[in-house]
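Here is what each chain is made of, one letter per residue.
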Amino acid sequence: AKYDGRNTYKFYTEDMTEKAFERLALESNLRQAIQDESFMLYFQPQIDGERDRIIGMEALIRWKDKNGEFIPPDKFIPIAEETRLIVPLGEWILRTGMQQMVQWYAKGLNPGKLAINLSMLQLQKHDFVSMLKSMLKETKCQPNWLEIEVTESQIMQKPEQTILTLQMISKLGIGISVDDFGTGYSSLSYLNRFPIDTLKIDQSFINGIPDNMENAAIIQAVIALAKTLNLDVIAEGVETEEQKTFLMNNGCHSIQGYLYARPMPSDKMEKLLKEAL
Ligand code: C2E
Ligand code: CA
Ligand code: CA
Ligand code: CA
């Protein structure tokens, strides 16, 4: 029994060591990647389902490693947050997104609004708003071309502080969208105090509708909530016609998902924008 125990323990530590090494390697590669700027912004269109027109897009980061393989953001964003590398990386994402919008508008295209995901660590930096301001000036990007996305669970971590920062961002003219909505625990009275423009229904609820009655009910409730608070509502992760029909019938006309398009590099997105003219 003693022998077994030691063996188990040994396996356990080896496994832990391997994980720690893997994480360390990923962190150091991430550091290098930020220096080399080996990231790309992909864009996924958001559609007005009634008129089948592009109303905006979401910026989604992609990391191509040295072997040319994509490392999914779900794998490296958490490490970028733990190591605070998300701060410089997030600035790169913002600047690249702004520059891209300026280019597209200068070409006479109609990209609508660009939704950019923010990490709470970026938002919590004391100079975040002034950084945003000077970046807008530097890139000549108009604030109303942008919307920031913050997840519901992130804003609920430090709600009081977040309200103040979001108010300043909202005053700049940038839209504010609550990502993954429905998965957190915000109360109606609380929500009302945030300068929010859009609720983004989490894709886990879209999965399985219209058959999943529970998810269908949650979606209907979120749409009703948005109406009551006078907010826009958008659904993401829409993959099928049935899902789109359900959403449209229930009053959610803004749709993002594989049904229309997967996230794509800027040149592909630009082609799409040209076709839409
Ligand atoms: P998110 O913000 O909720 O982004 C939506 C994710 O759903 C994206 O995954 C997108 O590619 C995927 N998606 C879009 N339509 C569909 C669909 O119809 N079906 C399914 N199954 N998936 C769909 P992605 O690009 O892998 O990003 C994953 C997460 O990583 C994001 O979730 C976000 O939390 C984070 N992330 C991505 N880009 C950035 C970024 O630039 N900054 C920050 N801070 N986080 C980012
Ligand atoms: Ca998002
Ligand atoms: Ca989301
Ligand atoms: Ca969402």
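Predicted, not measured: the structure shown is a model, and the values here were computed from it. (Residues numbered from 1 in each chain as written. Chains lettered and ligands numbered in written order. Predicted model: local features only at pLDDT ≥ 70, side-chain atom pairs only at ≥ 80, totals over all residues. Heavy atoms only, no water.)

A. Layout of the nonpolar core. Within the largest apolar cluster, 81 residues are counted, with the highest numbers of intra-cluster contacts made by Phe39, Leu94, Leu166, Ile169, Leu199, Ile201 and Ile219. Here this core takes nine residues from helix α3 (residues 86–106), the largest share from any one element. Not counting the four nearest positions on each side in its chain, phenylalanine 39 is found in contact with Leu30, Ala33, Ile34, Ile61, Arg62, Trp63, Phe76, Leu89 and Trp92. (Core = buried A, V, L, I, M, F, W, Y, C linked by side-chain atoms within 4.5 Å. Buried < 20%, exposed > 50% of the residue type's maximum accessible area, 1.4 Å probe, protein only. Helix = DSSP H or I, 4+ residues; strand = E, 2+ residues; numbered from the N terminus. Contact = heavy atoms within 4.5 Å.)

B. Expanded view of the coordination of the calcium ion (ligand 2). Distances from the calcium ion (ligand 2) to its protein donors, Glu58 (OE), Asn117 (OD1), Glu149 (OE) and Asp179 (OD), fall at 2.1 to 2.3 Å. Between consecutive donors of the calcium ion (ligand 2), the numbers of intervening residues give the motif E-x58-N-x31-E-x29-D. (Donors = N, O, S within 2.8 Å, 3.2 Å for Na, K, Ca; no water.)

C. Local environment of helix α10 (residues 213–228). For α10, built from 16 residues, the straight-helix expectation of 22 Å at 1.5 Å per residue is met to within 8% by its first-to-last C-alpha distance of 22 Å. Of the residues making up α10, those classed as buried are Asn215, Ala216, Ile219, Val222, Ile223, Leu225 and Ala226. Structurally, α10 contributes buried residues whose contacts are with β6 (175–181), α8 (188–191), β7 (198–201), α9 (203–206), β8 (232–236) and α11 (241–249). At the N-terminal end of α10, a side-chain oxygen is found 3.1 Å from the backbone nitrogen of glutamate 214, two or three residues along, and the residue is asparagine 212. Residue asparagine 230 follows α10 closely and has a positive phi angle near 65°. (Expected span 1.5 Å × (residues − 1). Polar contact = N/O pair within 3.5 Å; in protein donor to acceptor, adjacent residues only side chain to side chain.)

D. Seen up close, the coordination of the calcium ion (ligand 4). Listed as protein donors to the calcium ion (ligand 4) are Asp179 (OD), Asp180 (N) and Glu236 (OE); their distances from the metal cover 2.3 to 3.0 Å. In this structure, the calcium ion (ligand 4) is positioned 5.4 Å from the calcium ion (ligand 2), and both are ligated by aspartate 179. Of this pair, aspartate 179 sits in strand β6 while glutamate 236 sits in strand β8, placing them 57 residues apart in sequence. We classify aspartate 179 as buried; its relative accessible area is 6%.

E. Seen up close, the site of ligand 1. Gln44, Arg62, Gln203, Glu239 and Tyr258 are the nearest of the 20 residues found near ligand 1. For ligand 1, an oxygen atom lies 2.9 Å from a polar atom in the side chain of glutamine 203. Glutamate 239 places a side-chain nitrogen or oxygen 2.5 Å from a nitrogen atom of ligand 1. Summarising the interface, the protein chains cover 84% of the accessible area of ligand 1, which totals 800 Å² for the free molecule. For the shell around ligand 1, the secondary-structure elements that each account for two or more residues are β2 (53–64), α2 (73–82) and β6. (Near = heavy atom within 4 Å. Areas by Shrake-Rupley, 256 points an atom, 1.4 Å probe, with all protein chains shown as cover.)

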